[in-house]
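Spelled out, the chains give:
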Amino acid sequence: MKPKSLLIFLLIYITPVLSVYNHYKIYPPFKKYFTKQKCSLVMDKYYYINCYSFEHKGTNAIAYKIEGKILELGSAGKRPTFKSDTQIPEEYRTKTQDYTHSGYDRGHTLSNQSMNATTKAQASTFLMSNITPQNPQINQRVWKKAEDRERKLAKEKGSAQVLNIVIYSKNPKHIKDNIAIPESYIKIIEAGNEEECYQIPNHTVMDEKLIDYKIDCEKQ
């Protein structure tokens, strides 16, 4: 390939891939959830910010922005494998094997489908620091509906700021390697002039209608 042709190829095909996502900067109203008092470790994952708890061996909160135009690109490829997060000290890391035969799903706090337009973005959502033990029904149904809702609003309004808060009881139960099982999950979505908040319990439920888990955003 001639040098000029190579340059054109790089400009057309490579540059857009590199610039699909911008480095996420914390949305000011979400900053209070990412303090040293609330987080053992605040991790900047480029695509999102993770407030990690050493005590629970799982995330306390994750914030990110979804762009409607990026969602329209679709997935960059097949789902990658789960990986331990080496940014976390080894004694507080979790492994995919910790969930085997636990009765709980490896539940994404930030959904793969909300951040999968590039292979790197997608891989970032498969870090075990983004995973908590999630009731299978909640993970596959009610929580999924909340994830679908954030993407729908992002497409309608152009973008959405999202905060996922993981709630633990004072004396949580654990799966293998002392990983705490969350009590519930809160999702806050701000898109244009729309603000929606949901709190979803981490146990089997009879009611799978997302609207019935809507809560007052002013109290969050």
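Residues numbered from 1 in each chain as written. Predicted model: local features only at pLDDT ≥ 70, side-chain atom pairs only at ≥ 80, totals over all residues. Heavy atoms only, no water.

**Quick notes on the overall build of the chain**
Phase 1: Secondary structure assignment for the chain yields 4 helices and 10 strands.
Phase 2: Walking the chain from its N terminus toward its C terminus, one meets helices and strands in the order α-β-β-β-α-β-α-β-α-β-β-β-β-β.
Phase 3: Here the chain has a C-alpha radius of gyration of 18 Å; the compact-globule value for 220 residues is 17 Å, and the two agree.
Phase 4: Summarising its shape, the C-alpha atoms of the chain cover approximately 65 × 40 × 35 Å along the three principal directions.
Phase 5: Here the chain, with 220 residues, has 47% of them falling under the buried criterion. (Helix = DSSP H or I, 4+ residues; strand = E, 2+ residues; numbered from the N terminus. Rg over C-alpha atoms; globule rule 2.2 N^0.38 Å. Buried < 20%, exposed > 50% of the residue type's maximum accessible area, 1.4 Å probe, protein only.)

**Notes on unusual backbone geometry**
The bulk of non-glycine residues show a negative phi, and the bulk of peptide bonds are trans.
Phase 1: A positive phi angle, close to 65°, is found at aspartate 177, a residue other than glycine.
Phase 2: Looking at where aspartate 177 falls in the secondary structure, it is placed in the loop between β7 (174–175) and β8 (179–180).
Phase 3: Taking the relative accessible area as the measure of exposure, aspartate 177 reaches 34% and is therefore partly exposed.
Phase 4: Its identity is not glycine, yet asparagine 178 carries a phi of approximately 60°, on the positive side.
Phase 5: Take asparagine 178: its relative accessible area is 46%, and that puts it in the partly exposed class.

**Comments concerning the nonpolar core**
Phase 1: Core analysis: the largest hydrophobic core is formed by 33 residues, its most contacted members being Tyr21, Tyr48, Tyr64, Met115 and Ile200.
Phase 2: Residue assignment for this core shows that the elements contributing at least two residues are β3 (58–67), α2 (68–71), α4 (136–157), β6 (159–167), β9 (184–191) and β10 (194–201).
Phase 3: In terms of residue count, α4 provides more of this core than any other element does, 6 residues in total.
Phase 4: When residues no more than four places from it in sequence are discounted, the contact partners of tyrosine 48 are Tyr24, Met43, Ile62, Ala63, Tyr64, Leu110, Ser124, Thr125, Leu127 and Asn130.
Phase 5: In terms of nonpolar packing, the next biggest core, distinct from the first, is built from 15 residues, Phe34, Cys39, Ile49 and Leu163 among them. (Core = buried A, V, L, I, M, F, W, Y, C linked by side-chain atoms within 4.5 Å. Contact = heavy atoms within 4.5 Å.)

**Some thoughts on the side chain of asparagine 135**
Phase 1: Structurally, asparagine 135 can be placed in the loop between β5 (131–134) and α4.
Phase 2: Reaching out from asparagine 135, the side chain makes a polar contact with the backbone nitrogen of glutamine 137 at a distance of 2.9 Å. (Polar contact = N/O pair within 3.5 Å; in protein donor to acceptor, adjacent residues only side chain to side chain.)

**A look at the state of the cysteines**
Phase 1: Following the criterion strictly, the structure yields 2 disulfides and no others.
Phase 2: Disulfide partner of cysteine 39: cysteine 51, at an S-S distance of 2.1 Å. Measuring the twist about the S-S bond at about -110°, one finds the cysteine 39-cysteine 51 disulfide to be left-handed. Here cysteine 39 is found in the loop between α1 (3–18) and β1 (41–44), whereas its partner cysteine 51 is found in strand β2 (residues 48–53), with 12 residues between them in sequence.
Phase 3: Paired by a disulfide, cysteine 197 and cysteine 217 hold their sulfur atoms 2.1 Å apart. Residues cysteine 197 and cysteine 217 are joined by a disulfide whose S-S torsion is about 120°; by sign, that bridge is right-handed. Of this pair, cysteine 197 sits in strand β10 while cysteine 217 sits in the segment after β10; the two residues are 20 residues apart in sequence, bridging distant segments of the chain. The two residues cysteine 197 and cysteine 217 agree in class, both being buried. (Disulfide = S-S within 2.5 Å.)

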